[in-house]
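Descriptive analysis of the structure
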Amino acid sequence: MAQSKKEILTQGLFRENPVFIIMLGLCPTLGVTTQVINGIGMGLSVIFVLVFSNIFIALLKNVIPNSVRIPAYIVIIAAFVTIVEMVMHAFAPSIYKALGIFLPLIVVNCIILGRAEAFANKNTVLDSFLDGVGMGLGFTLALILIALIREVFGAGTITLMAIGKFSGVIEIPLLYKYPARVMTLAAGALLLMGYLKAFFGYLQMRKEAK
Amino acid sequence: MAYLAIFITYIFINNFILTQFLGLCPFIGVSKNSESAIGMGMAVTFVMGLASIITYLVYTFVLIPLNLGYLQTLSFILVIAALVQFVELIIQKNSPALYQALGIYLPLITTNCAVLGIAILNINEGYNLMQSFSAGIAGGLGFTLALVLMSNIRERMDLHPVPRVFKGVPIAFISGGLMALAFMAFDKALLMNLLG
């Protein structure tokens, strides 16, 4: 079954969204989404690692012996994660600090190894590149959605990049005064994830019923 | 005393799953029945203890003297992957019974965030060899505790009518959230009161 280029690019966004449908890469999804900017930073890092590891694995798929492919993939992925860590440490120290342990943990993010195993080692370089971009964007969108809900209800703010006079923090009038702190804590994250998953399951069920 | 504090911290206060979000994939994936939850928990505890020792040794005696600190992530994940494979071989050879119990969970452990997580946390916290080992074991026990509790809840939930859209994973997340709320009762103040 040959998929068109557009299908490969868009399937990661909704139909096979890595977070809500395939349920991969949950740890960083809940761990870093206390502020919108952290979600964006994490998403961009994952897009970078996913795209480049997909390209390199697709390039090397005929060179790597089948029996050692998993360790080989892990080394490729870890190399790109190290690059992201160094770049972020140098240019965005505040996000680097906020992401903390979850930045090196991109290595064991199941999405990246999963796509390497399920897609990049069977497809051409271009297709793997598109798949990486699509899946990465789907992951980022999911992260931003979760972070938005958690930050708006949990702290009453939306934190973005500080540009010029704009401090980067938008305050929501009523919620800022009386935030539901639990949303920024671990418990709120798990509860929200459960409700979101149920909501997406409901949408899927309605689509199938039609 | 310091070791007791490490154990209480990693089992209850900073429980890997319920407060730090490390190892969520097996928490949802392997918690359908309590037998496999215990198997997975034991396997993770074992590997976390060993990985803590070995990554500590690699970091202190190889990476630091050679000034290669930036290779931390890469070398740790390689060490863990090799270690998991090695443990699998040894168990298979020497203890078929244990292999039967843990075998199918071992390959999943390489990509468990909790294992690489504890290795990095040990370095960040500046623990020595014994402290790293205790933190690894305690982290694994905390993981097992959460996993076993969760599997019991899910076994009971099978007997109750759950709305159709919430069946399976969504209700598991929500019960996990409620459990995390309960675990919020364990905090630094509790540790202070216990150990003075």
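Reading the values: the criteria
Residues numbered from 1 in each chain as written. Chains lettered and ligands numbered in written order. Predicted model: local features only at pLDDT ≥ 70, side-chain atom pairs only at ≥ 80, totals over all residues. Heavy atoms only, no water. Helix = DSSP H or I, 4+ residues; strand = E, 2+ residues; numbered from the N terminus. Rg over C-alpha atoms; globule rule 2.2 N^0.38 Å. Buried < 20%, exposed > 50% of the residue type's maximum accessible area, 1.4 Å probe, protein only. Lys, Arg positive; Asp, Glu negative; His and termini not counted. Charge placed at Lys NZ, Arg CZ, Asp CG, Glu CD. Contact = heavy atoms within 4.5 Å. Axes fitted to C-alpha atoms, helices over the stretch in contact; angles between N-to-C directions. Parallel < 35°, antiparallel > 145°, perpendicular 65-115°, else oblique. Left-handed = near helix turned anticlockwise from the far one by under 90°. Nonpolar A, V, L, I, M, F, W, Y, C, P; charged D, E, K, R; others polar. Buried area = accessible area lost by both parts, 1.4 Å probe. Salt bridge = Lys/Arg side-chain N within 4 Å of Asp/Glu carboxyl O. Expected span 1.5 Å × (residues − 1). pLDDT = per-residue confidence, 0-100. Polar contact = N/O pair within 3.5 Å; in protein donor to acceptor, adjacent residues only side chain to side chain. Core = buried A, V, L, I, M, F, W, Y, C linked by side-chain atoms within 4.5 Å. 1 Å grid on protein atoms, 1.4 Å probe; cavity = no way out; pocket = protein on both sides within 12 Å on 5 of 7 lines; lining within 4 Å. Points joined across faces, edges and corners; volume = space filled by probe spheres on them.

Per the secondary structure count, chain B includes 10 helices and zero strands. Of the regular secondary structure in chain B, the N- to C-terminal order runs α-α-α-α-α-α-α-α-α-α. Taking 16 Å as the expected radius of gyration for a compact globule of 196 residues, we find that chain B reaches 18 Å, a close match to that expectation. Its C-alpha atoms give chain B principal-axis dimensions of about 60 × 45 × 30 Å. Here chain B holds 196 residues, and the buried ones make up 52% of them. Within chain B, one finds 7 positive and 6 negative side-chain charges whose respective centroids are separated by 9 Å.

Looking now at the environment of Pro104 of chain A. Note that Pro104 of chain A resides in the loop between α5 (93-99) and α6 (110-120). Taking the relative accessible area as the measure of exposure, Pro104 of chain A reaches 7% and is therefore buried. Setting aside anything within four residues of it in sequence, one finds Pro104 of chain A in contact with Val81 and Glu85 of chain A together with Thr73, Leu116 and Ile120 of chain B.

Residues and elements named next belong to chain B. Running from N to C, helix α4 (residues 72-94) and helix α7 (residues 113-125) point in directions that differ by 135°, and their axes come no closer than 10 Å. Judged on the interaxial angle alone, α7 and α4 are oblique. Both α4 and α7 take part in a crossing whose hand is right-handed. Facing α4, whose interface residues are Gln72, Phe76, Ile77 and Ile80, α7 presents Val115, Leu116, Ala119, Ile120 and Ile123. A breakdown of the residues in the contact of α4 with α7 according to their chemical character gives eight nonpolar, one polar and no charged.

Let us now look at the interface of chain A and chain B. With 36 residues of chain A in contact, the opposing surface of chain B contributes 33 residues. Interface area for chain A against chain B, summed over the two sides, is near 3100 Å², with a carbon-plus-sulfur share of 88%. Interface area lost by chain A to chain B is led by Cys27, Val108 and Leu190 of chain A, which between them contribute 20%. Between the two partners, chain A and chain B, sit zero salt bridges.

Compared with the 36 Å implied by 1.5 Å per residue over 25 residues, the 36 Å span of helix α3 (residues 36-60) of chain A between its first and last C-alpha is a close match. Among the 25 residues of α3 of chain A, 18 are classified as buried, and the element is accordingly described as predominantly covered.

Looking now at the confidence of the model for chain B. All names here are of chain B. In the predicted model, chain B carries a mean pLDDT of 86, and 98% of its residues have values of at least 70. Mean pLDDT across the secondary structure elements of chain B bottoms out at helix α5 (residues 96-102), with 75, and peaks at helix α8 (residues 129-157), with 92. If you check the scores for this complex, the pTM reads 0.86 and the ipTM reads 0.82.

Any two packed helices are characterised by the angle at which their axes cross and by the distance between the axes. All names here are of chain B. Between helix α3 (residues 34-63) and α7, the least distance of the axes is 9 Å, while the angle of their chain directions is 45°. With respect to their mutual orientation, α3 and α7 come out oblique. The handedness of the crossing between α3 and α7 is right-handed. Of the residues in α7, those in contact with Val47, Met48, Ala51, Ser52, Thr55 and Tyr59 of α3 are Ala114, Val115, Ile118, Ala119, Asn122 and Ile123. Its residues assigned to classes, the contact of α3 with α7 shows nine nonpolar, three polar and no charged.

The next subject is the side chain of Ser52 of chain B. Residue and element names in this part refer to chain B. Relative to the elements of secondary structure, Ser52 occurs in helix α3. Within the structure, the side chain of Ser52 is placed 2.7 Å from the backbone oxygen of Met48, a separation counted as a polar contact. At a separation of 3.4 Å, a polar atom in the side chain of Ser52 contacts the side chain of Asn122. When neighbours within four sequence positions are excluded, Ser52 is seen to be in contact with Ile118, Asn122, Ser132, Phe133 and Gly136.

All right, on to the environment of Asn94 of chain B then. All names here are of chain B. One can find Asn94 in helix α4. Take Asn94: its relative accessible area is 62%, and that puts it in the exposed class. Placed 15 residues apart in sequence, Asn94 and Val79 show a C-alpha to C-alpha distance of 22 Å.

Before going further, it helps to spend a moment on the nonpolar core. Counting 104 residues, the largest nonpolar core has Tyr10, Leu18, Leu24, Phe27, Ile109 and Leu116 of chain B as its most contacted members. If one sorts the elements of this core by residue count, α3 of chain B sits on top with 10 residues. Apart from the residues lying within four places of it in its own chain, the contact partners of Tyr10 of chain B are Asn15, Phe16, Ile118, Leu121, Glu125, Tyr127, Ala135, Ala138, Gly139 and Gly142 of chain B. Formed by seven residues, the second largest nonpolar core is a distinct cluster that contains Ala198 of chain A together with Met157, Val162 and Phe166 of chain B.

All right, on to the layout of surface pockets then. Taken as a whole, the largest pocket encloses approximately 460 Å³ of empty space. Considering the residues around the largest pocket, the lining is formed by 20 residues, among which Glu85, Tyr96, Gly100 and Pro104 of chain A together with Asn124 of chain B are closest to the centre. Of all elements in the fold, only α4 (69-91) and α5 of chain A together with α4 and α7 of chain B reach the threshold of two or more residues within the lining of the largest pocket. No other element matches the four residues that α4 of chain A contributes to the lining of the largest pocket. Of the residues belonging to the lining of the largest pocket, the class tally is 11 nonpolar, eight polar and one charged.

Residues and elements named next belong to chain B. For Asn112, the position within the fold is in the loop between α6 (106-109) and α7. Here Asn112 falls in the buried class, since its relative accessible area comes to 2%. For Asn112, the side chain forms a polar contact with the main-chain nitrogen of Ala114, separated by 2.9 Å. What Asn112 contacts, discounting residues up to four positions off in sequence, is Gly23, Pro26, Met40, Val44 and Phe143.

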